[in-house]
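Examining the three-dimensional arrangement
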Amino acid sequence: MSAQKRRSFKKKLEKYTSQRIALSVIDQKQKELDEECNTMIRTIKRTVAEAFVANTIASEEFYLISGNYFTKIEQEYLPAEIAMVKFSFENGITNKYHTYVAPENIQMGYQADAIEHSTNTHRLAVPPNATGERNYQRILNEMKRFMGEPTPILFTFEENIAMIKSFIRLFANSGNNDDIKVYPLHQLFYEIKVMTAKNSAMERPSFGSINIAKEHLRRYDCVLTAGTACAYHELDCGKHCPLSHVQHWAYILFHHICGDLNIKLISGEHSPCEGQSSRSAIASNVVTGLTARVDRVLSVQNDKDIPTLASRINRKRPGGALKSPKISTFDST
């Protein structure tokens, strides 16, 4: 049988999904994903092990990233906001980056989805009324300047990885972004905790399962702290603020790791500054001022009804008016 006939015969035997996608294509894609996952785990294990061997785990710098989106179109996300922090266990959070993103428009047919998602989550005004940076290349350049050279691995919540990778592809405009790796934070958390407990001079508890690391990271919803969200989200819906996310993830790692490394926690570096109360504790002081705004946002019928960033920031709150934030901010602490 000729090669051409064999190919024709194999094609007739090929099985397809109801969407007419060949199962062999799906299997190949799954193999690629499995290999990518294995490479990620090996890289994290090697990074952590090398830091312990060199006795630099305390001063090793790590980068966390989170974000918000307006809508998802197939496998791509339209960015709304992005935040990053740099930290080490020795020095706590040492730098922060945050920016709002303002795409010029939303693809036809997805406007209603974007409005619904914004209303239920971050509550930022949707394009074309969004306020933020429109120049994607500038955002990517700022991110790279924040990360420095060589480009470090970015860590985020497992569910955020596809979103963050999509943002980076969009910012790079199909250019070369292979140097930016985005890995799950819980894997890093677990590997460091296991190694610190194993190498601690005193007997320290470890995580019996990687799922414990995941669960600890999910608990940030219950401990949101005033002063960690961006100025826009500080008013309300702080649980959806990516700047708050990345700081709280770092605080959780400090809480569980620094004791194993015999590092004393310092307020303002390893935890929120003293005097910053939990959101639940200050809720009674601001609920009156927020109720009208929250009710208004939840009854949004179209994107023009969502308060713009500038108008929302300039509204009064107990203690005076909030300052209007910069679109992009670097904050070295």
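Everything that follows concerns the structure shown earlier in this document.
Quick look at the structure, then.

Cut-offs applied
- Residues numbered from 1 in each chain as written.
- Predicted model: local features only at pLDDT ≥ 70, side-chain atom pairs only at ≥ 80, totals over all residues.
- Heavy atoms only, no water.
- Axes fitted to C-alpha atoms, helices over the stretch in contact; angles between N-to-C directions.
- Helix = DSSP H or I, 4+ residues; strand = E, 2+ residues; numbered from the N terminus.
- Parallel < 35°, antiparallel > 145°, perpendicular 65-115°, else oblique.
- Left-handed = near helix turned anticlockwise from the far one by under 90°.
- Contact = heavy atoms within 4.5 Å.
- Expected span 1.5 Å × (residues − 1).
- Buried < 20%, exposed > 50% of the residue type's maximum accessible area, 1.4 Å probe, protein only.
- Polar contact = N/O pair within 3.5 Å; in protein donor to acceptor, adjacent residues only side chain to side chain.
- Salt bridge = Lys/Arg side-chain N within 4 Å of Asp/Glu carboxyl O.
- Core = buried A, V, L, I, M, F, W, Y, C linked by side-chain atoms within 4.5 Å.
- Arc of directions from axis to C-beta.
- Phe/Tyr/Trp six-rings, centres within 6.5 Å; stacked < 30°, edge-to-face > 60°.

On to the packing of helix H6 (residues 185-199) against helix H8 (residues 242-257). Packing of H6 against H8 brings their axes to within 10 Å, and their N-to-C directions diverge by 15°. In terms of their interaxial angle, H6 and H8 are classed as roughly parallel. Like other packed secondary-structure pairs, H6 and H8 cross with a definite hand, here right-handed. Of H8, the residues touching H6 (which contributes Leu185, Phe189, Ile192, Lys193 and Thr196) are Trp249, Ile252, Leu253, His256 and Ile257.

End to end, H8 covers 23 Å across 16 residues, agreeing with the expected 22 Å (1.5 Å per residue, within 8%). Along H8, 15 of the 16 residues are buried, which leaves the element largely enclosed by surrounding structure.

This part is about the side chain of Thr196. By the element assignment, Thr196 lies in helix H6. Judged by relative accessible area, Thr196 falls into the buried class, the value being 2%. At a separation of 3.0 Å, a polar atom in the side chain of Thr196 contacts the side chain of Asp260. Sequence-distant contacts of Thr196, that is, excluding residues within four places in its chain, are made with Phe52, Ile257, Asp260 and Leu261.

All told, the structure shown has 10 salt bridges when counted by the stated rule. Between Glu159 and Arg218 there is a salt bridge, with the nearest N and O atoms lying 2.8 Å from each other. Here Glu159 is found in the loop between strand S4 (154-156) and helix H5 (161-172), whereas its partner Arg218 is found in helix H7 (residues 210-218), with 59 residues between them in sequence. Of the residues examined, Glu159 reaches a relative accessible area of 47% and is grouped as partly exposed. Overall, Arg218 belongs to the partly exposed group, its relative accessible area being 34%.

In terms of nonpolar packing, the biggest core is built from 73 residues, with Leu64, Phe87, Phe89, Met143 and Phe171 touching the most fellow members. By residue number, the principal contributor to this core is H8, which donates nine residues.

Moving on: H7. When we look at burial in H7, the residues that qualify are Ala213, His216 and Leu217. Taken end-on, H7 shows its buried residues confined to a sector of 100°, consistent with a single buried face. Considering only its buried residues, H7 is in contact with H6 and H8.

This part takes up the packing of aromatic side chains. Counted according to the given criterion, the structure contains 12 aromatic pairs. On the basis of an interplanar angle of 85° and a centroid distance of 5.9 Å, the ring pair of Tyr63 and Phe146 is categorised as edge-to-face. With Tyr63 in strand S1 (residues 62-73) and Phe146 in helix H4 (residues 136-147), this pair connects stretches of sequence that are 83 residues apart. The exposure classification of Tyr63 matches that of Phe146, with both residues buried. Measuring from ring centre to ring centre gives 5.4 Å for Phe87 and Phe254, while their planes differ by 80°; the resulting arrangement is edge-to-face. One end of the pair, Phe87, is in strand S2 (residues 76-88); the other, Phe254, is in helix H8, with 167 residues separating them in the sequence. In this pair, the class of Phe87 matches that of Phe254, namely buried. By way of ring pairs, the aromatic residues Phe62, Phe87, Phe89 and Phe254 are connected into one cluster.

Looking at the element boundaries, His248 is found in helix H8. For His248, a relative accessible area of 3% puts it in the buried group.

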